[in-house]
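Spelled out from the first residue to the last, the chains are:
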Amino acid sequence: MTSLSTPQAAPPTGDRAERIERIRQAAYRIRRNALDMGEVQGQGYIGQALGVADVLATVYTDQLRYRPEDPHWPDRDRFLLSIGHYAIALYAALAEAGTIPAEELETYGSDDSRLPMSAMASYTPGVEISGGSLGHGLPVATGMALGLRHQGNGARVYNLLSDGELDEGSTWEAALACAHHGLDNVTAIVDVNALQADGPTAGVLRTEPVTDKWRAFGWHALRVDGNDVAALVDALDELRAHRGSPSVLICDTRIGCGVPLLESREKAHFMRVEEHEWQLARDQLHEGTTR
Amino acid sequence: MTSTAPKKRLTTSAMIASFADPGQRTTSAPFGHALNRLAEQRPEIVGLSADLAKYTDMHVFRDAHPDRFFQMGMAEQSLLGTAAGLAEVGLVPFASTYSVFATRRAYDFLCLDIAEPNLNVNVVGALPGLTTGYGPSHQATEDLAILRGCPNLTIVDPCDSVDIEQAVPALADAPGPTYLRLLRGAVPTVLDEYDYRFELGKAAELRTGRDVVLISTGLMTMRALQAAARLEADSVDVAVLHVPTIKPLDTEAILRAARTDRLVVTLENHTVVGGLAESVASTLAFAGVGTRVVPIALPDEFLAAGALPTLHDRYGLSTDAVVARVRAELGGDAGRRPQASPHVAAAPADPAPATA
C-alpha cells in the first residue's frame, strides 16, 4: 500500500505482471478476511464478498489514490460502496489497504463495533457513505464529482453498485446527471452477480442488456469478467484515461468465487454456511491459490 | 334559491400565485437575493434545483452565479443525493424544489444521505402547506409531519421576506442540514414593523396581550398579527409568539407563553397532524402543563383545488377565519377565562375551521 499512499502518486505503478500478482495476493487476503468475518456471524453476505473480492482488490491495490492513515485526505479518490450489505467485503479490503486494523475485523457485526453489517460513514474508517438503502451511491457520487471538479480537485469518484441497484430509479437519475454534466471523473463499477434478494436478477426484474443501457445514457461502458484480474486491470486503466463522459465497468462476477463448496451451493442472497464448513472453505480458498 | 345573481366564482389561482393580500407591501424573490448576497461573501455556497429554479427563486442565484449552479433535471432523488455529495467535499449547497417533492418523493435521500451524516445541506421547499390552489399533488400539507421525526434536521417556517432574508445566512451557518419552507415570488414584508430579528431556534414575542396568546409559525404569523389587530378593536388583548424554527423548538418560550390563563391558540399553514399544534401540545404535556391548546391548522384530509383566498377561508387560515375562531373560543360564559371553558370547542361561527 505504501506506494499508493504517496500524495499525487499516479497509480497504477509497476509492471503489468507484477501488478496482477500483487492484486491476486490481495484478493486472496480479502477473501480470507471475509471468511473469518463470515464465521463470526455464522452466515451473511459471504457469497457476494467472495464474488467481488477481485474487483475490490484491483481498486484498492492498484487504482485508488488514498492515504490509509488519513482517510479524510481532501485529494483522495473517493470509493463509494452503495451496496451496504457488501460491507463485509469492503472491510476486508480496507484492512488490506491498512485503513482498518486487521485485528478489528473480528468485531464485524458485533455490538458496539465500528464495523456494522452495513457500513456507516459517520464512524467506520475509510467509508465514504452509509449503506443499507440501495440506489444512493451514484447520486452522492454525482455531487462529489461535481464538487471536486468545481474545486479544481483532480480526485476521482468510484461507485461500486450491484446489478440489483439498477432496479432503482435514482441510479438512472444520477446516470443522466453524470452524463449531462460530463463527469469524466466518475467511474461506476456494476457488480453483475445476477442475483437479488428474491432470486436471479433475470426473474426479479430484467436489467439486461446492461452495457447497452449505460451506453444509451451517455456513458463509456466496458464489460469484463469481474473475477479476471488481468481484465479488470486493463479495463480500469482504460476507463481512467477516458475523457469527456463518465465511465462504467460492468463486471460479471461469480457468487462464492474462490471457494468451490460455496460457488456450487444453491445461489442465495443471504448464504447459510454450517459451522464446520468455514475451515473447509478456508482450505479450499488456499488450495485454489496454490494450484 | 334566491333572486340575486350568483356570485362569480374565483378560478384556481396560478400554481405559484402570491398569497399576499391586495395592496400589501411585498419583496420580490427574497430567497434568491439573500442567497446572492451570501454567495458574495462565501465562495463555498452553491445552488441546485430539479427543473424548478425559476419557480423557487433560485433563478436569481443561477443568473448571478452560473458556475455555482447545478441543474439536476426533474429528478429529486438525484437532487438531494447530489447535494449531499457536494457537501461531502466541503461545499454548502442550497437545493430547491417544491416541498412535496423534497419530502414525499425524495425523503430517503434527505434522511440517509443528508441528515444521517449531518451534512450542511440546505433543502429549500417551495409551496409549503396550502400556498397553491393546484390540489394535493402540489400542496405540501404534511411536510412538517414527515420531517419533524428526522434526527439532526433543522426546520424553519418563515413568516415573510424579512424572515427569509435573515434565515438564509443563519441556515448556511448552521453546521447540519436544514429545511426551509420557502415563500417565493412577491413575498409579504411584515416583520420589519416589529422589533424583530430572526434567530435560529428562537421564538419571538411580536406583541403582548392579556387575553389570548397566538403561537404561530410561517405565514400564519402574518395572519395572527392581523387577527390580533382586529380583536384589539373589540378590546380583546392578544399576544403573538412567532415560532419560525419548528425544530429545534424553542420549548422555553412556548412554556413561558402557555403557563397562563390566557386562551392558547396555535396557528400553522400545515395539517393539524404532526406540525406546530402537536409540537406545542406535546411540549406542554411533557412539562406537566395542562393548558388546553386550540389548533388552527389545515384538516387531516386532501385539500381541494381552487383559488387561494377561497381555500384559506374554507380551511380556516384566512384572517377572518382566525378572528372568528378566537371569538368563538372566547364566547359564551367562559369570557376571558378559557381554562373554564369545556374541552369541546364552541361551534365556530363561519366557515368551519379545520380542527383535529
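Everything numeric in this text was worked out from a predicted model, so none of it was measured. (Residues numbered from 1 in each chain as written. Chains lettered and ligands numbered in written order. Predicted model: local features only at pLDDT ≥ 70, side-chain atom pairs only at ≥ 80, totals over all residues.)

Overview of the environment of Ile88(A)
Residues and elements named next belong to chain A. Defined as follows: Runs of H or I in DSSP of at least four residues are treated as helices and runs of E of at least two as strands, each being numbered from the N terminus. Exposed residues have 12 or fewer other C-beta atoms within 10 Å of their own C-beta, buried residues have 20 or more, and residues in between are partly exposed; the C-beta atoms are placed from the backbone. A pair of residues counts as a contact when their C-beta atoms, built from backbone coordinates, are within 7 Å of each other.
Here Ile88 is to be found in helix α3 (residues 87-97). Taking the C-beta count within 10 Å as the criterion, Ile88 has 29 such neighbours and is therefore assigned buried. For the pair Ile88 and Ala17, spaced 71 residues apart in the sequence, the C-alpha separation amounts to 28 Å. If we ignore the near neighbours within four places in the chain, the residues touching Ile88 are Ala34, Met37, Gly38, Gly44, Tyr45, Ile46, Ala49 and Tyr108.

Considerations on the UniProt feature "domain: Transketolase-like pyrimidine-binding" (unreviewed entry) in chain B
Condition: UniProt positions are given in the numbering used here, feature names are shortened, and annotations may be inferred rather than shown by experiment.
Here the UniProt feature "domain: Transketolase-like pyrimidine-binding" (unreviewed entry) sits at residues 25-189 of chain B. The span residues 25-189 of chain B shows a helical share of 40% and a strand share of 21%, and its end C-alpha atoms are spaced 6 Å apart.

Concerning the domain arrangement of chain B
Many authors give the size of an interface as the accessible area that is lost as the parts come together. Residues and elements named next belong to chain B. Operational definition: Domain start and stop points were drawn from an automatic or database domain assignment. Residue classes follow a fixed rule: Ala, Val, Leu, Ile, Met, Phe, Trp, Tyr, Cys and Pro count as nonpolar, while Asp, Glu, Lys and Arg count as charged, and any other residue, Gly among them, counts as polar.
The domain boundaries assigned to chain B delineate domain 1 (26-188) and domain 2 (201-340). Across the contact, 26 residues belong to domain 1 and 28 residues belong to domain 2. Those elements that provide at least two residues to the side of domain 1 that touches domain 2 are α6 (143-147) and β6 (154-156). Here the element with the most residues in the side of domain 1 that touches domain 2 is β6; it accounts for three residues. For the side of domain 1 that touches domain 2, the residue count by class is 13 nonpolar, seven polar and six charged.

Brief notes about the confidence of the model for chain B
All names here are of chain B. For the record, the criterion: What pLDDT reports is the predictor's confidence in each residue, on a scale of 0 through 100.
Confidence in the prediction for chain B averages 92 pLDDT; 90% of positions are at 70 or higher. Low pLDDT, under 50, characterises residues 333-356; the predicted model gives this stretch 44 contacts beyond four residues in sequence or across chains. In the model output, the complex is listed with pTM 0.92 alongside ipTM 0.92.

Topic: the pairing of strand β4 (residues 92-98) of chain B
All names here are of chain B. For clarity, the cut-off: We treat two strands as partners when DSSP finds at least two bridges between them.
Burial within β4 is extensive, with seven of its seven residues counted as buried. Pairing analysis gives five bridges linking strand β2 (residues 45-49) to β4, with the strands arranged parallel. Opposite Val46, over in β4, you have Pro93 as the bridge partner. With five bridges connecting them, β4 and strand β5 (residues 122-126) associate as parallel partners. Bridge pairing in β5 places Tyr98 opposite Ala126.

A look at the pairing of strand β14 (residues 293-298) of chain B
Residue and element names in this part refer to chain B. To be explicit about the condition: When the strands point away from the viewer, a crossover counts as right-handed if the route from the first strand across the helix to the second turns clockwise.
The buried fraction of β14 is high, at six of six residues. When strand β13 (residues 263-271) meets β14, the two strands line up parallel, connected through five bridges. Looking at β14, one finds that Leu267 is bridged to Ile296. At this point the chain moves from β13, through helix α10 (residues 276-286), to the parallel β14, and the crossover so formed is right-handed.

As for the interface of chain A and chain B
Contacts between chain A and chain B engage 21 residues on the former and 21 residues on the latter. Top contributing element to the side of chain A that touches chain B by residue count: helix α4 (residues 137-150) of chain A, with nine residues. Counted by class, the side of chain A that touches chain B contains 10 nonpolar, 10 polar and one charged residues.

Some remarks on the sheet that holds strand β10 (residues 212-216) of chain B
Residue and element names in this part refer to chain B. As a reminder, the rule being used: Orientation is described by lines fitted to C-alpha atoms, with helices fitted over the stretch in contact, and by angles between N-to-C directions that extend from 0 to 180 degrees.
The five strands are arranged β9-β11-β10-β13-β14 in an open sheet whose pairing can be described as mixed. In this open sheet, the two strands that pair with only one neighbour each are β9 (204-207) and β14. The mean angle between the axes of side-by-side strands here comes to 25°, regardless of whether they run parallel or antiparallel. Here helix α8 (residues 220-233) sits on the sheet and contacts β9, β10, β11 (238-242) and β13; the angle it forms with β11, its principal contact strand, is near 170°. Sheet strands touched by helix α12 (residues 319-330): β10, β13 and β14. Its angle to β13, the strand with the most contacts, is close to 145°.

Let's talk about the nonpolar core
In plain terms, the rule: Take the buried Ala, Val, Leu, Ile, Met, Phe, Trp, Tyr and Cys residues, join any whose C-beta atoms are within 7 Å, and the set you get is a nonpolar core.
With 206 residues, the main nonpolar core has Ile88(A), Ala89(A), Tyr91(A) and Leu214(B) as its most contacted residues. Split by domain, the residues of this core number at least three in each of domain 1 (26-188) and domain 2 (201-340) of chain B.

Here's the deal with helix α3 (residues 76-88) of chain B
Residue and element names in this part refer to chain B. The line we're drawing: One less than the number of residues in a helix, times 1.5 Å, gives the span that helix is expected to have.
Here α3 spans 18 Å end to end across 13 residues, near enough to the 18 Å set by a 1.5 Å rise per residue. Counting buried residues in α3 gives 13 out of 13 residues, a clear majority hidden from the surface. Positive backbone phi, at 105°, marks Gly90, one or two positions downstream of α3.

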